[in-house]
Amino acid sequence: MSQFDKDRIEIFLGAVRKYMQVRGPMSQKELAEITDTGVSTMSRFLNQQTKEMNSNLIANITAKLEIPLNEIIDFVEEAY
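Keep in mind that what you see is a predicted model, and the values were worked out from it rather than measured.

Student: I'd love a proper account of the overall build of the protein chain, names of residues and values included.
Tutor: Scanning the protein chain from terminus to terminus reveals 5 helices and 0 strands. Reading the secondary structure of the protein chain in the N-to-C direction produces α-α-α-α-α. The C-alpha atoms of the protein chain give 12 Å as radius of gyration, which agrees with the globular expectation for 80 residues (12 Å, within 12%). Its C-alpha atoms give the protein chain principal-axis dimensions of roughly 35 × 25 × 15 Å. Classification of the 80 residues of the protein chain by burial places 30% in the buried group. In the structure as shown, the protein chain presents an accessible area of about 5200 Å², 45% of it carried by carbon and sulfur atoms.

Following this line, the structure appears as C-alpha cells:
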C-alpha cells in the first residue's frame, strides 16, 4: 500500500509551489539542488509525468521547504 493518495497529488504540488514562492522565490532547478535531486527528475515530478511517487523525494521536498503537515494532510493516506 502506498503512503500517499495519488488522486490528491494536486494538494501536495499546490503546497510545494506555494512554499517555493514563500521560501524563494525558487525555481525548479533550485529546488532540485537543495533536495539533491536531478533537475529532470524534479521537473517530471512537479509536472506529474512520473508513474510512481517517490516517498523519499516527497519527504525531502517537504523537509527542505518546511511545509507544515496541515498543508498536506489530505495527501497522506489515513492508514499511514
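Student: Lay out the environment of L65 with the relevant residues and their values.
Tutor: Its place among the elements puts L65 in helix α4 (residues 55-65). Accessibility expressed as a relative area gives 0% for L65, which makes it buried. Taking the C-alpha atoms as reference points, L65 and N54, 11 residues apart in sequence, are found 17 Å from one another. When sequence neighbours within four positions are dropped, the list of residues in contact with L65 reads V16, Y19, M20, R23, M26 and L31.

The rules behind these values
- Residue numbers restart at each chain and count upward from 1, following the sequence in its written direction.
- Local features are withheld for residues below a pLDDT of 70 in this predicted model, meaning they are given only at 70 or higher, and side-chain atom pairs are given and counted only at 80 or more; totals for whole chains, interfaces and linings count all residues.
- Based on all heavy atoms of the structure, the side-chain values leave hydrogens and waters out of the count.
- Only runs of H or I of at least four residues qualify as helices and only runs of E of at least two qualify as strands under DSSP, and these elements are numbered from the N terminus.
- The quantity called the radius of gyration is restricted to C-alpha atoms. Its globule counterpart is 2.2 Å times the number of residues to the power 0.38.
- For every residue, the accessible area (1.4 Å probe, protein chains only) is compared with the maximum for its type, and the residue is labelled buried under 20%, exposed over 50%, or partly exposed between those bounds.
- Residue burial considers only the protein chains on display, and all accessible areas are found by Shrake-Rupley using a 1.4 Å probe.
- By definition, residues are in contact when any of their heavy atoms lie within 4.5 Å.

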